[in-house]
Amino acid sequence: MNNKIDQTKEEIKYFHIKTYNDLELFRIKFLGKKKGIITNLFKELKKISIYKRKIYGKTINELKKEVKNKIKIFHEKNDIQNDKILNFDPTIPGKSIEIGSRHPLSIIKNKIIDLFGKIGFLHVDGPEIEDDWHNFTALNIPISHPARDMQDTFFLCKNSDILLRTHTSSVQIRYMKKHSPPFRVLSVGKVYRNETISSRSNFMFHQAEGFYIDKKVSFYDLKQTIHYLITSLFGEVKIRFRPSYFPFTEPSAEVDIYYNNNSGWIEIMGCGMIDPQVLKNVNIDSEIYSGFAFGLGIERLSLIIYQMKDIRIYFDNDIRFLKQFKSEF
Ligand code: DAH
């Protein structure tokens, strides 16, 4: 009997309970009604003398307690976790992670990139630090040309021709010099002008520039493309092409839209057929190829679309303002 008791004690101690299944096996092994080791020990008690029965009875009871204790400890460890799992309510909404929102200028910019991507325009970047030739001369704006005054320039060094680009039209020159037509290209980015900050102007703003060169590109293609851009952004609005002047396009036009009755006609962009001289400057044969170009200000568009009055709000980084813009772009 003694041996059996000692052995059982060891077995209880070293029985490894990891799962609820192990726990049940453990219980059955020692306390099972028919074959449980401890149950059988109790049965054997009947066979021994009353005197010894008392002592052994006590020891076997202690074994039983150890088994129960081990079961209790397992429950204590695992039931809390189990409770958590069982009481988990999958219908409670999860904690939402706060994510930032896009800047309104990025929304407009991405929308324009997306629109032109759909009609086969390649999106390219150009440098913000430019030289005089790409920003002015090649675009048919020679040194003494009055058009240079229209765009007050930041020069980077005294007496040098390195400057901060005043418009994205410089990307036309960079791209046309490197590639041969046909091409359809869009470029969006920052431009800089030495202007006093006000509700309508800033020394840095964003432009989108598009150009298309192929055989037999006509003003009709230009009008179609602008029509597509404007109706995609504003819906069906009245559009007006007004004759204008840019050194790098001939003929040139400014485009107005009749957006809402309060504001009447609003000018939104410039465009025109690329001047043959510009094509010559980048070694493209203007007898074979023709093209159109257009340029627009992102801030300006954004003021109209979001009905804002002061351009400075875009650069204040006021989170209360920025938070309001939700977009798929
Ligand atoms: N570069 C002009 C500006 O900054 C905008 C512009 C007008 C671009 C007509 C063009 C264009 O490509 O054809 O004011």
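Residues numbered from 1 in each chain as written. Predicted model: local features only at pLDDT ≥ 70, side-chain atom pairs only at ≥ 80, totals over all residues. Heavy atoms only, no water.

> Account for the overall build of the chain, with residues named and values stated.
On a plain count of helices and strands, the chain comes out with twelve helices and nine strands. Taking 2.2 N^0.38 as the reference for a compact globule, 329 residues should give roughly 20 Å; the C-alpha atoms of the chain span a radius of gyration of 41 Å, well beyond that estimate. When the backbone C-alpha atoms are referred to their principal axes, the chain occupies close to 125 × 45 × 45 Å. For the chain, with 329 residues in total, the buried portion stands at 41%. Contacts in the chain between residues at least 24 apart in sequence constitute 65% of all its contacts with a sequence separation of at least 6. (Helix = DSSP H or I, 4+ residues; strand = E, 2+ residues; numbered from the N terminus. Rg over C-alpha atoms; globule rule 2.2 N^0.38 Å. Buried < 20%, exposed > 50% of the residue type's maximum accessible area, 1.4 Å probe, protein only. Contact = heavy atoms within 4.5 Å.)

> For the side chain of H206, give the residues involved together with the corresponding values.
Residue position: H206 is located in strand β5 (residues 204-215). Relative accessible area serves as the criterion here: at 14%, H206 is assigned to the buried category. Among the polar contacts made by the side chain of H206, one reaches the side chain of E299 at a distance of 2.7 Å. (Polar contact = N/O pair within 3.5 Å; in protein donor to acceptor, adjacent residues only side chain to side chain.)

> Kindly report on the packing of helix α3 (residues 37-45) against helix α4 (residues 50-86), identifying the contributing residues and their values.
At their nearest, the axes of α3 and α4 sit 10 Å apart, and the two run at 170° to each other. Relative to α4, the element α3 lies roughly antiparallel. For the pair formed by α3 and α4, the contact residues are I38, L41, F42 and L45 on the first element and R53, Y56, G57, I60, N61, L63, K64 and V67 on the second. Among the residues forming the contact of α3 with α4, the class breakdown is eight nonpolar, two polar and two charged. (Axes fitted to C-alpha atoms, helices over the stretch in contact; angles between N-to-C directions. Parallel < 35°, antiparallel > 145°, perpendicular 65-115°, else oblique. Nonpolar A, V, L, I, M, F, W, Y, C, P; charged D, E, K, R; others polar.)

> Go over unusual backbone geometry, please, and point to the residues and values.
Across the junction of P181 and P182, the peptide omega takes the value 10°, indicating a cis bond. By secondary structure assignment, the location of P182 is in the loop between α8 (169-178) and β4 (183-192). In this structure, P251 follows E250 across a cis peptide bond, with omega equal to -5°. Structurally, the position occupied by P251 is in strand β7 (residues 249-258). Backbone geometry at N283 places phi at a positive 60°, although glycine is not the residue there.

> I'd like to hear about the site of the ligand, residue by residue, with values.
Not every one of the 16 residues close to the ligand is listed here, only the nearest: H167, S169, R193, Q207 and E209. Within the side chain of S169, an N or O atom sits 3.0 Å from a nitrogen atom of the ligand. Relative to its free-state accessible area of 360 Å², the ligand is covered by the protein chains to the extent of 91%. Counting only elements with at least two residues in the shell around the ligand, the list comes to α8, β5, β8 (265-274) and β9 (289-297). Along the lines of polarity and charge, the residues of the shell around the ligand split into five nonpolar, nine polar and two charged. (Near = heavy atom within 4 Å. Areas by Shrake-Rupley, 256 points an atom, 1.4 Å probe, with all protein chains shown as cover.)

> Give a detailed account of helix α5 (residues 104-118), specifying residues and quantitative values.
In this model α5 runs 21 Å from its N-terminal to its C-terminal C-alpha over 15 residues, within 8% of the 21 Å that 1.5 Å per residue would give. Residues of α5 that are buried: P104, L105, I107, I108, I112, I113, L115 and F116. (Expected span 1.5 Å × (residues − 1).)

> Run through the domain arrangement of the chain, naming residues and quoting values.
Much of the literature gives interface size as the accessible area that the parts lose upon coming together. Each assigned domain of the chain is listed here: domain 1 (2-86) and domain 2 (104-322). A C-alpha centroid distance of 86 Å is found between domain 1 and domain 2. (Domains from an automatic or database assignment.)

> Could you give an account of the environment of S106, with specific residues and numbers?
Here S106 is to be found in helix α5. It is 91 Å that separates the C-alpha atoms of S106 and K52, two residues lying 54 residues apart in sequence.

> Pulling in residues and values, what's your account of helix α1 (residues 2-14)?
With 13 residues, α1 should cover 18 Å at 1.5 Å per step; its first-to-last C-alpha distance of 19 Å lies within 8% of that length. Every buried residue of α1 is accounted for by I5, T8 and I12. What you see down the axis of α1 is that its buried residues fit within an arc of 65°, all on one side. Exposed residues pointing more than 90 degrees away from the buried face of α1 are listed as N3, K13 and Y14. In this fold, the buried residues of α1 make contact with α2 (20-31), α3 and α4. (Arc of directions from axis to C-beta.)

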